[in-house]
Each structure stands twice: as C-alpha cells, then as structure tokens.
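Fold and geometry: a report
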Amino acid sequence: MKKYALLCAAVALTAGSAVAKDWDEIRMASEGAYPPFNVTAADGSMRGFDIDIGNALCEEMKAKCSWVKQDWDGMIPALVSRKFDAIIASMSITDERKAKVDFTNKYYASPLALIAKKGSPLRPDLTSLKGKKIGVQRGTVADNFATKFWEGKGPEIIRYAKQDEAYLDLNSGRMDAAFADFLEAYGGFLTKPEGAGYDVAGERVFGNTAEEKGVVGEGIGIAVRKKDKDLTEKLNKALVAIRANGKYEEVRKKYFPMDIYGN
C-alpha cells in the first residue's frame, strides 16, 4: 500500500510538471481602437501605450510576446477560453471583473471625465445632465458608472462599440457630451484637431463615495486567468522592475506630459 501511495504521488508530480508553464511565450490581447493606449496601424499591427508597456514587460521577463486583436465586448470571455494569456487594454480593476479574472497591480490610473464643447455648463451630475444625450463606450467603466448612477434618472445614455464612434457623434451634434476615461479622452480626442473645440466639463470623477469607487475601480491592471497566478506574479515583478529602471517613464513620456501612475 505504501509503495502504491508513493507511485501515485510520483505520477501526480510528473503530471503537474508536464502542465507547468515557464511563460517564455505570452499571448497578449488589446483592442486596437482606444488611442493613445492601443491603436491599429496601417499595416494591421497594434501600437500605443498599452502595447509598449506590454512589450517592455515581456523584455524584462525575457519572454516572447505575440499580440492578439480582440473587440472590447469579448475581452474577458476570450481570455477565459484561452484565446490569449493576458489582457493589456486599459482595463480598470473593478470588483465585477475580479469575480471573473485576476489582475496585476495597476500600471496606471485615470479618473472619468465628461467631455463637451468648451464653455459648456454641463457637469457630471444628474441635475446638469437631465434630458441630455451622453455617449459612452459599451462595457467600459464609464458605461458602468452611467448605467448605475444616471440611467433612467434623466440623461439618455447612448452606447457605442468603440470610443472614437462616440467622439464622431459628439462632433456631429448627435449627442451633448461623451463620458470616458480622462486619459483616453486627453490623448485620443482633446489633443487632436477634431477635439480642439472641446474640453472636460466640470470635475473629473474619481469615485468619491465607496459605492462610486466600487465602479470606478482601483486603477488599470493586466487581466490574467485566475488559474495562472504564476503569470500574474511574473508580470507584477516585471512592473516593479520597469518602474525602477526608467523604462516605464520612457514609455509614459512618449504619450503623456503628466504623471499617469498616481500614488
């Protein structure tokens, strides 16, 4: 019986070793439609802050990175079904998402912001937005926030598959304001020619109550399958390393003139 037990233990150990991963190759996913964090270049490749950070992490881990383009709506289901290994697509760390996947520590943080014409009296509150059309990208934290705190209480929430579609309708006058991640709005619209006549309307939304904070989240992290805790650990160590060796700041300065990591 003792020999049988030892044999079973050896078989189990061998099986465990067979499926263990060293993560020398990692499939990263991003949307390719969320400038300046991830955009699709003319040749079909993806570029942007998220992509550069992902490549820096792989370089630090001495791993080969490959990139998969994935529509935002299907990001987490595709990760769980093993289409790729990690999501680096400016995904906020929220309680709702943490029920499905694990996250690394944050790699940047951003409040939400209401974007409207310069001088607009609009503010990100129910009194100001009553009867107004507000555009959000479907499935984002801005969408979740608008759904939870605004929908059915005065504003009309209009959802778009991609963030730039919301800005197109804002420019055309088909809605009154867009609600989005501030840094995305800054780098992907406000600093572009098409965003010249627009600005942040009112205060940025950080999540001032516990209920709001639960929706806004704890910053932006890399999503990983819950079973791949070793990959999460490796990515966290690499994040610490690129923050310490200056690579993170080198990438950040390429896209933003201000600190985006936060405290």
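Residues numbered from 1 in each chain as written. Predicted model: local features only at pLDDT ≥ 70, side-chain atom pairs only at ≥ 80, totals over all residues. Heavy atoms only, no water.

**Observations concerning helix α8 (residues 182-190)**
Short version of the rule: Exposure classes here rest on a 1.4 Å probe applied to the protein chains alone. A residue is buried below 20% of its type maximum, exposed above 50%, and partly exposed in between. Here a strand is any run of E in DSSP of at least two residues, a helix any run of H or I of at least four, and the numbering for each starts at the N terminus. By definition in these notes, contact holds between two residues if any of their heavy atoms fall within 4.5 Å.
Across the nine residues of α8, eight count as buried, placing the element largely inside the fold. Regarding α8, the residues found buried are F182, L183, E184, A185, G187, G188, F189 and L190. Buried residues in α8 make contact with β2 (33-34), β8 (112-117), α7 (163-172), β11 (177-181) and β12 (198-200).

**Remarks on the sheet that holds strand β3 (residues 38-40)**
Note the following rule: The criterion for strand pairing is that DSSP finds at least two bridges linking the strands in question.
If you walk across this open sheet you meet the three strands as β2-β3-β4, and the pairing is antiparallel. Both outer strands of the open sheet, β2 and β4 (46-47), are each paired with one neighbouring strand and no more. Summarising the sheet, β3 and β4 pair through two bridges and their orientation is antiparallel. Bridge pairing links T40 to M46 in β4.

**Quick notes on the confidence of the model for the chain**
Spelled out, the test is: pLDDT expresses, on a scale from 0 to 100, how confident the predictor is about each individual residue.
Looking at the chain as a whole, its pLDDT mean stands at 93, while 92% of the residues score no less than 70. For residues 1-18, every residue scores under 50 in pLDDT, and the model assigns this stretch zero contacts once sequence neighbours within four places are set aside.

**Comments concerning the nonpolar core**
Rules: Nine residue types can take part in a nonpolar core, namely buried Ala, Val, Leu, Ile, Met, Phe, Trp, Tyr and Cys, and a core is a set of them joined through side-chain atoms within 4.5 Å.
By size, the foremost hydrophobic cluster in this structure holds 45 residues, and its most contacted members are F49, L57, Y107, Y108 and I115. Top element by residues in this core is helix α2 (residues 49-61). It accounts for six residues. By size, the runner-up hydrophobic cluster in this structure holds 20 residues, among which are I134, A142, I157 and V216.

**Overview of the packing of α2 against helix α11 (residues 247-255)**
Just so we agree on the cut-off: Axis definition: a line fitted to C-alpha atoms, limited for helices to the stretch in contact. Angles are taken between N-to-C directions and run from 0 to 180 degrees. An angle below 35 degrees is treated as roughly parallel, one above 145 as roughly antiparallel, one from 65 to 115 as roughly perpendicular, and anything else as oblique. With the far helix as reference, a near helix turned anticlockwise by less than a right angle produces a left-handed crossing, and one turned clockwise produces a right-handed crossing. Think of it as three bins: nonpolar holds Ala, Val, Leu, Ile, Met, Phe, Trp, Tyr, Cys and Pro, charged holds Asp, Glu, Lys and Arg, and polar takes everything else, Gly as well.
One can describe the packing of α2 onto α11 by two numbers: an axis separation of 10 Å at closest approach and a directional angle of 165°. In terms of their interaxial angle, α2 and α11 are classed as roughly antiparallel. Like other packed secondary-structure pairs, α2 and α11 cross with a definite hand, here right-handed. Seen from α2, the contacting residues are F49, D52, I53 and A56; seen from α11, they are K247, Y248, V251, R252, K254 and Y255. Its residues assigned to classes, the contact of α2 with α11 comprises six nonpolar, no polar and four charged.

**With respect to the pairing of strand β10 (residues 156-160)**
Bridge analysis of strand β9 (residues 133-137) against β10 gives five bridges, and the strand direction is parallel. Paired with G135 across the bridge in β10 is I158.

**Points about the sheet that holds strand β1 (residues 25-30)**
Overall, mixed pairing links the five strands, which are arranged β5-β1-β6-β13-β7 in an open sheet. Each having just a single partner strand, β5 (64-69) and β7 (102-103) make up the two edges of the open sheet. In this structure, β1 lies alongside β5, joined through six bridges in parallel fashion. Residue E25 lies in a different strand from β5, and its bridge partner there is K64. Of the strands in this sheet, β1, β5, β6 (86-92) and β13 (220-224) touch α2, which is tilted by about 155° from β5.

**Some remarks on the pattern of salt bridges**
Applicable threshold: The salt bridge definition used is simple: a Lys or Arg side-chain nitrogen within 4 Å of an Asp or Glu carboxyl oxygen.
As enumerated under the stated definition, the model contains 18 salt bridges in all. With a closest N to O distance of 3.8 Å, D43 and R47 form a salt bridge. Between K226 and D102 there is a salt bridge; the shortest N-O distance is 3.2 Å. Here the residue K226 occupies a position in the loop between β13 and α10 (229-244), and D102 occupies one in strand β7, the gap between them amounting to 124 residues. With relative accessibility at 34%, the residue K226 sits in the partly exposed group.

**Thoughts on the pairing of β11**
Here β11 lies mainly inside the structure; five of its five residues are buried. Relative to β11, β8 runs antiparallel, the two sharing four bridges. Residue A113 lies in a different strand from β11, and its bridge partner there is A180. Of the strand pairs in this sheet, β9 and β11 are connected by two bridges, and their pairing is parallel. Across the sheet, residue G135 finds its bridge partner in β11, namely A178.

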